[in-house]
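These are the residues of each chain, in order.
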Amino acid sequence: MALAQQKSHLLNGDRRMFSSLDDSGTMRQILATHSPDGRNFDISPLLDVVEDVLHRATPSIVGAPQAQVDVVEKNMNQNGVVGILEALAYTIHRISCEITCKCTGGGEPHATTVAVFNTISSYSWDAKVVMALAAFAVSYGEFWLTAQLHTVNPLAKSVGALKQVPEILEHSEILKPRFDALNILIKAMLDVTKCIIAFKNLPAEYITPDTHSMTIAMTHIPTAVYWTIRSVVACASQIIGLIGIGHEYIASTTEVWELSSLAHKVNNIHEHLLKQLNLCYQHIAEKKHIEAYQKLVRLFESVHIDNMKILKTIIYSEDDLPLVDGTTKTRVNVDVLRRKTVILLISDLDISNEEVHFLAQIYNDKRQGRLERHYEVVWLPVTDRDEWTEAKNDAFNRHVAIMPWYSLYHPSLLDPAVIKYIRDVWHFDKKPLLVVLDPQGKVVCPNAFHMMWIWRSLAYPFSSIREEALWKEETWRLEFLVDEIDPMIFKWVKEGRFVCLYGGEDIEWIRRFTTVMKRVAQEARIALEMIYIGKSNPTQRVRKVVNTIAEENLSGYWQDLAMMWFFWVRLESMWHSKMQLGRTIENDPIMQEVMTMLSFDGSNDGWALISPGGTEIVKANGKKIVDCLTEYDNWKESVEHEGFLPALENALLPYQTHEHCTRLILPGNTGKLPMETVVCAECKRPMEKYILYRCCTDRGP
């Protein structure tokens, strides 16, 4: 019974020390032993070996790797590792002997821990804790190696007999709670040790000791080292105490309680250190973020011989295959973009199918006698890394599948600093952007969407200079307004027919307008084609209007609502383009016409535009045009002398509305307006300004 009484005395003494120990007094004692000599070891490889021993000895430890590599061989192949192990092996052996002797002789746990600290006084805190763990791993590994091999290896069988391993294993079921508690404590010790090593390895160029989170951590690391080594002593005591247990073992929860209490203490320490470590990581990430952002700013301010430095900074990938080729759907290197005009398509995952579809048409357009495209498009999806879901992943893959241009292999390749630059400098918010880089990587247009929608591939090379030149060549005419959206309109113009475009959602007005318009065209003996082109947000209401027009044969219409969407997007793009160039309705006739069209669309009423082609265009809002056409008998004589369109234009003059004329809904993402007031395109009076929120999902069919 002497051995059992001795063990009981040790455990009771440990419990009393654990409950009454004054941490501040203890830490003064521990700090007094700390006298580092300035040697600095990369202790991480030694910790890898220690962790490997503990995992292989007790594979049930939480977090143990399923497929273990040969850690010793891996570390032995690293430069300097052999020298570090040789330098520390004797001290590790001394620690092991110190713990074994003290525990076997009935030493008090705190005193044993202090003795270990005296042995390793000249080492840094991280080296102390790893060396103590290594000393424990030697004895712990020897015990379990013997246990695992004693039935198959003669030498292990003999050694096991001396250590009474078979007798211990006979009590494995009774000892299971103790072994489980031991495993939990070992994991807690490893977690704290890794945390301490992580603080040691933080990059000095991004964080200094006077950083608040770093300062707090440094004051608590000695306490963490003490309780980890104290736990090493407790674990070693448990293993030593198993020898000679024989038939005298009495089932008790005391050992489990001691180990569990230490595990609780060490886990609390780890939780506190981990919190500070995460704050340090956050501080470092912010520093790196600022550094990367400033680097990007400097890069765009510099002159380059090609675009590679810019593009490889924006599109960074460790495996050097960050792009997906839209044609082959294979991964490719950024070098495919070298010395090309590159258009960065910047959007979130909500980019509409209409935008992708029409942009793809332009991308594949090889007019002007070009046999090859001299520019490339790259999609940069801006997403929140912290909120990546399976649904978002599916949306991303769907877009990549239909895009004919290059795309990022994954949105995570877009660095947060790049996203910040995109938002701060290129003003990306919600609406997609097309930022144009010339072959040297210089930004020549902050958003080429407007040029793309207005002139398609004719806008190449999509620079602001080209935009100015194209506007100088342009006049407000029917062909420019409808572009190539509906080729039939061009055919009708060539045949000498009048074309009437109209819109709105009031089906009763549409019935009145189409009826009176057909009657007037018949009486005026003009060939007329009417096309309903809806509104800028063609929702289900517009679809119902289209169905009614078709059922009642009221007029022609664009059955594909995407055509309506593109028509109004082009008008919005004209507004954007003119605004970027500083134009207003006072100094730009096209700007005035565009704003009139947008104000028609912003109204709840209908509207109509009539033209035989070219610059001869007459337009009016719904009430005015219906009232005027209804009174056709009053001005039909003018048609014979002036022609239909001039007569209609003159007849509309008396029909001025007395209330404020129109409502203008400007396109979103306009940023700061370059002018303080917007003048009504109808009455030339300043318009009142309001804020309108309209759901973006209403903008598609």
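What you are looking at is a predicted structure, and each value in this text was computed from that prediction instead of being measured.

Conventions we followed
- Residues numbered from 1 in each chain as written.
- Predicted model: local features only at pLDDT ≥ 70, side-chain atom pairs only at ≥ 80, totals over all residues.
- Heavy atoms only, no water.
- Disulfide = S-S within 2.5 Å.
- Buried < 20%, exposed > 50% of the residue type's maximum accessible area, 1.4 Å probe, protein only.
- Pairing = 2+ DSSP bridges.
- Helix = DSSP H or I, 4+ residues; strand = E, 2+ residues; numbered from the N terminus.
- Contact = heavy atoms within 4.5 Å.
- Axes fitted to C-alpha atoms, helices over the stretch in contact; angles between N-to-C directions.
- Polar contact = N/O pair within 3.5 Å; in protein donor to acceptor, adjacent residues only side chain to side chain.
- Phe/Tyr/Trp six-rings, centres within 6.5 Å; stacked < 30°, edge-to-face > 60°.
- Core = buried A, V, L, I, M, F, W, Y, C linked by side-chain atoms within 4.5 Å.
- pLDDT = per-residue confidence, 0-100.
- Expected span 1.5 Å × (residues − 1).
- Arc of directions from axis to C-beta.

Student: Honestly, the state of the cysteines in this entry has me stumped. Any pointers?
Tutor: Here, the word disulfide means a covalent bond between the sulfur atoms of two cysteines. Evaluated as defined, the whole model comprises 0 disulfides. The structure places no disulfide on cysteine 97, whose sulfur is separated from the nearest cysteine sulfur, that of cysteine 101, by 6.0 Å. On the basis of relative accessible area, cysteine 101 is assigned to the exposed category, the value being 56%.

Student: Would you mind showing me how to read the sheet that holds strand β2 (residues 331-332) here?
Tutor: Backbone hydrogen bonds hold the strands of a sheet together, and the pairing may be parallel or antiparallel. What the 7 strands build is an open sheet, ordered β2-β1-β5-β4-β3-β6-β7; its pairing is mixed. Every other strand in the sheet has two partners, leaving β2 and β7 (443-445) as the edge strands with one partner each. On top of the sheet, helix α14 (residues 353-363) reaches β3 (341-347), β4 (375-381) and β6 (433-437); it is set at about 160° to β4, its chief contact.

Student: Honestly, the sheet that holds strand β9 (residues 528-532) in this entry has me stumped. Any pointers?
Tutor: Strand order in the open sheet formed by 5 strands is β10-β9-β8-β11-β12, and the pairing between neighbours is mixed. Of all strands in the sheet, those bounded by a partner on one side alone are β10 (556-557) and β12 (616-621). Pairing analysis gives 5 bridges linking strand β8 (residues 498-503) to β9, with the strands arranged parallel. Counterpart to leucine 501 in the pairing with β9 is isoleucine 531. Sheet strands touched by helix α25 (residues 622-630): β11 (607-613) and β12. Its angle to β12, the strand with the most contacts, is close to 110°.

Student: What is the right way to look at the side chain of threonine 228 in this model?
Tutor: Mapping threonine 228 onto the fold places it in helix α11 (residues 212-242). There is a polar contact of 2.7 Å between the side chain of threonine 228 and the backbone oxygen of alanine 224. Those residues in contact with threonine 228 that lie beyond four places of it in its chain are Val129, Met189, Val192 and Thr193.

Student: Is there a simple way to think about the packing of aromatic side chains in this case?
Tutor: Two numbers describe a pair of aromatic rings. These are the distance of the centres and the angle of the planes. Using the criterion set out here, one finds 37 aromatic pairs in the structure. Centroid distance phenylalanine 498 to phenylalanine 644: 5.8 Å. Interplanar angle 85°. Geometry classified as edge-to-face. Of the two residues, phenylalanine 498 is situated in strand β8 and phenylalanine 644 in helix α27 (residues 644-652); the sequence distance between them amounts to 146 residues. Classification of phenylalanine 644 as buried rests on a relative accessible area of 5%. Look at tryptophan 509 and phenylalanine 513: their rings are 5.0 Å apart centre to centre, the planes differ by 5°, and that puts the pair in the stacked class.

Student: Help me understand the nonpolar core, please; the structure alone is not making it clear to me.
Tutor: One broad rule of soluble globular proteins: the nonpolar side chains tend to lie buried together. With 109 residues, the main nonpolar core has Leu501, Phe513 and Phe644 as its most contacted residues. The element contributing the most residues to this core is helix α23 (residues 561-580), with 13 residues. If we ignore the near neighbours within four places in the chain, the residues touching leucine 501 are Leu478, Leu481, Val482, Ile489, Ile531, Ile533, Trp607, Ala608 and Leu609. Counting 77 residues, the second largest nonpolar core, distinct from the first, contains Phe41, Val130, Ala188 and Phe199.

Student: Hey, could you run me through the confidence of the model for the chain in this one?
Tutor: Should pLDDT be low for a region, the predicted coordinates there are not to be read in detail. Within the chain, residue pLDDT values average 82, and 82% of them lie at 70 or more. Residue range residues 1-21 is modelled with pLDDT below 50. Its contacts to residues more than four positions away, or to other chains, number 32 contacts. Note that residues 696-701 has pLDDT below 50 and, in this model, 17 contacts with residues that lie over four places away or in other chains.

Student: How do you make sense of helix α3 (residues 44-57) when you look at a structure like this?
Tutor: Between its first and last C-alpha atoms α3 spans 20 Å; for 14 residues at 1.5 Å apiece the expected length is 20 Å, and the two agree. Within α3, 10 of the 14 residues are buried, which leaves it mostly tucked inside the rest of the structure. Along α3, the residues classified as buried are Pro45, Leu46, Leu47, Val49, Val50, Glu51, Asp52, Leu54, His55 and Ala57.

Student: Help me out: how do you make sense of helix α22 (residues 540-552) in this one?
Tutor: Helical geometry: 3.6 residues make up each α-helical turn, so side chains three or four residues apart lie on a common side. When the terminal C-alpha atoms of α22 are compared, their 18 Å separation across 13 residues agrees well with the 18 Å that a helix rising 1.5 Å per residue should span. Taken together, the buried positions of α22 are Val542, Val545, Val546, Thr548 and Ile549. Each buried residue of α22 lies within a common arc of 160° when the element is viewed along its axis, so the set occupies one face. Projecting away from the buried face of α22 at angles above 90 degrees are the exposed residues Lys544 and Glu551. Just beyond α22, the residue with positive phi is asparagine 553, at close to 55°.

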